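Structural overview
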Amino acid sequence: MSALDNNALVAVIGAGAMGAGIAQVAAQAGHRVKLYDNRPGIAAQAVAGIDRQLGRLVEKGKLRPDTREAIVARLQPEEAIEALADARLVIEAIVENLQVKQDLLRQLEALCADDCILASNTSSLSITSLAAGLARPENVVGMHFFNPAPLMALVEIVAGLATKPAVAASLYETAKAWGKKPVHTRSTPGFIVNRVARPFYAESLRLLQEGAADCATLDALLREAGGFRMGAFELTDLIGHDVNYAVTCSVFDAFYGDFRFQPSLVQKELVDAGRLGRKSGQGFYSYAEDAERAQPTELQSPQTIEHCVIEGDLGALQPLVERLRDSGIALTKRAGNGVIHVGDATLVLSDGRLASQRAREEGLRNLVLVDLALDYRTATRVAISWSADTAVAARDQVVALLQRAGIKVAALADLPGLVVLRTVAMLANEAADAVLQGVGSAADIDLAMCAGVNYPRGPLAWAEQIGLGYTLRVLENLQSSYGESRYRPSLLLRRSHAQGARLHD
Ligand code: NAI
């Protein structure tokens, strides 16, 4: 199936933040674009706004003046919907209301050609419901851009029950031709990104609620150990807690209250208080002019460490060995069960059990657990937790070892799965379930999470890298610690592990 011809007229309805951005993308790709908004003058204002933005790019030398003129000349504001009759593709980005969108689609169906593609930028409504009752529901498809549309590469192409595969395929190719990274998905709650990303917020919110550490420390760990652009608290402060909480509630409700998506009372309280984040001046952090930036807490050690013993294969922790060696620490290697002996302490990668539980079950003295890192060779901070009977002096030997390697150490309460590990395991679990349920392919889901929300690695590729068996064990241990279905492992993880198969085909 081929992309829409460059000569085809594109119409965009709703000239707000998203509509204006989408119109700009289509015009930049060479299409003539008609932009319509039911509030008089808004479409023209939006075109003027795009012109100003492109002007700034010209000033920075990033765009040629004649290219700017050509793009703006292709953008035509319209004051009457009837002017859109000759469009081959209409993308609506109006108010997020099922009834209003359905009425608009019905009007468009009567107005436009029989083969006109009717695309919706909805981020939460069902494409199947939007198309229901139309004469040609096969022409209705989701085209979900991310904000700001000109900058964000991801576009989710959402097929409803009636959507003709050729229509979705043509829109996919069109998005590609517009320089975007499209993915195919089915009309299910949250599509890909807004579903698979839920644990990113949920696990941090839960860790905060359970007293694992403060916001700044947890955020710093997701950034500096996890490689995420932002931690969950700074990100939700930026998104707005009203918006983020509403998305979580809508996905939770849509899945009939599946506890995997359970909203957080901690976030609800912020919403109730009007602490919506940056836009209200206060969320998890204060944005008052005189506010001091909250700093992550860090453990310091009075000890020095020159030597440690590496026993057996450390699994996902193995790259740390290289870092330790490069830091001048003398290493002794011997057979064993994947532990590092540092002075009197035993250091292991968490497997989702509590430190105190693991120490007892495996008879490990002075046990310290370390969290997962995206790349131990470059991580600048990691979390540790320790068993109730671990001596402070032994713990400090681990801290000294990591500090010697240039890694800052954060102390967490003894909670299962620490921060990065449980977040990654839960992201991979949700992604696996989405694959299992045909929401998208493994490749598309990983691409969506990297291109749509800037994850440093696709959750499924990440799980494969640390091992499906290990990811599964972490989830099982989390589930057993909490006794909740929230942490139940996806059947796909279990099956792929049992079959020795890969998630990516
Ligand atoms: P917005 O409020 O900035 O713009 C909506 C525009 O649609 C307004 O200018 C309004 O006058 C116009 N409008 C409302 N009803 C209309 C109608 N019946 N006919 C013509 N124009 C109408 O909203 P925003 O943020 O641009 O969102 C638009 C759509 O995009 C929604 O469906 C939203 O869920 C979706 N979306 C929003 C994202 C975001 O980050 N804001 C991201 C991805 C999707």
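All of these numbers come straight from a predicted model, not from anything done at the bench.

1. Focus: the sheet that holds strand E3 (residues 75-78)
What the eight strands build is an open sheet, ordered E3-E2-E1-E4-E5-E6-E7-E8; its pairing is mixed. Strands with a single pairing partner mark the edges of an open sheet, and in this sheet they are E3 and strand E8 (181-186). Averaged over all neighbouring strand pairs, the angle between strand axes comes to 25°, with direction disregarded. Taken together, the six bridges between strand E7 (residues 154-159) and E8 define a ladder with parallel strand orientation. Each residue of the ladder has a partner; that of Glu 156, found in E8, is Val 183.

2. What to know about helix H10 (residues 232-239)
Since the α-helix packs 3.6 residues into each turn, any two residues three or four apart lie on the same face. For H10, the tally of buried residues reaches six of eight residues, placing the bulk of the element in the interior. Residues of H10 that are buried include every one of Ala 232, Phe 233, Glu 234, Leu 235, Thr 236 and Asp 237, and no others. Buried residues belonging to H10 abut helix H8 (198-209), helix H9 (215-224), helix H11 (241-254) and helix H12 (265-273). After H10 finishes, the residue Gly 240 shows a positive phi value of roughly 105°.

3. Some points on the domain arrangement of the protein
Each domain of the protein was delimited in the assignment, giving domain 1 (10-187), domain 2 (195-280), domain 3 (307-411) and domain 4 (420-499). For domain 1 versus domain 4, the separation of C-alpha centres amounts to 33 Å. In this assembly, domain 1 packs against domain 4 so that about 780 Å² is buried in total across both faces, 58% of it on carbon and sulfur atoms. For domain 1, the biggest contributors to the area lost against domain 4 are Leu 154, Val 183 and Arg 186; these three give 47% of the whole. Viewed at the interface, domain 4 and domain 1 are joined by zero salt bridges. For the pair domain 1 and domain 4, the number of links is five residue pairs in polar contact (both at pLDDT 80 or more). Ranked by residues supplied to the side of domain 1 that touches domain 4, first place goes to E8 with six residues. Residues belonging to the side of domain 1 that touches domain 4 are distributed by class as follows: six nonpolar, two polar and two charged.

4. Observations regarding empty space enclosed by the protein
Under the definition given, this model contains one cavity of 30 Å³ or more. In this structure, the largest cavity encloses a volume near 40 Å³. Of the residues contributing to the lining of the largest cavity, the split by class is five nonpolar, one polar and three charged.

5. Quick word on the packing of H8 against H12
Contact geometry of H8 with H12 gives a least axis separation of 8 Å together with a crossing angle of 90°. Judged by the angle between their axes, H8 and H12 are roughly perpendicular. Between H8, through Leu 205, Leu 208 and Gln 209, and H12, the contact on the second element is made entirely by Leu 265, Val 266 and Gln 267. A class-by-class count of the residues in the contact of H8 with H12 yields four nonpolar, two polar and no charged.

6. Overview of the site of the ligand
If you check the shell around the ligand, you find 21 residues, and the closest are Met 18, Asp 37, Arg 39, Glu 96 and Lys 101. In the environment of the ligand, an oxygen atom lies 2.5 Å from a nitrogen or oxygen atom belonging to the side chain of Glu 96. Side-chain polar atom of Asn 147 to an oxygen atom of the ligand: 3.3 Å apart, as the coordinates give it. Of the pockets mapped on this structure, the ligand occupies the largest pocket. At the level of elements, helix H1 (17-28), helix H4 (98-111) and strand E6 (140-145) are the ones that each hand at least two residues to the shell around the ligand. Each residue belonging to the shell around the ligand can be placed in one class, and the counts come to nine nonpolar, eight polar and four charged.

Each value, and the rule that gives it
Residues numbered from 1 in each chain as written. Predicted model: local features only at pLDDT ≥ 70, side-chain atom pairs only at ≥ 80, totals over all residues. Heavy atoms only, no water. Pairing = 2+ DSSP bridges. Helix = DSSP H or I, 4+ residues; strand = E, 2+ residues; numbered from the N terminus. Axes fitted to C-alpha atoms, helices over the stretch in contact; angles between N-to-C directions. Buried < 20%, exposed > 50% of the residue type's maximum accessible area, 1.4 Å probe, protein only. Contact = heavy atoms within 4.5 Å. Domains from an automatic or database assignment. Buried area = accessible area lost by both parts, 1.4 Å probe. Salt bridge = Lys/Arg side-chain N within 4 Å of Asp/Glu carboxyl O. Polar contact = N/O pair within 3.5 Å; in protein donor to acceptor, adjacent residues only side chain to side chain. Nonpolar A, V, L, I, M, F, W, Y, C, P; charged D, E, K, R; others polar. 1 Å grid on protein atoms, 1.4 Å probe; cavity = no way out; pocket = protein on both sides within 12 Å on 5 of 7 lines; lining within 4 Å. Points joined across faces, edges and corners; volume = space filled by probe spheres on them. Parallel < 35°, antiparallel > 145°, perpendicular 65-115°, else oblique. Near = heavy atom within 4 Å. Sits in = over half its atoms within 2 Å of the grid points.

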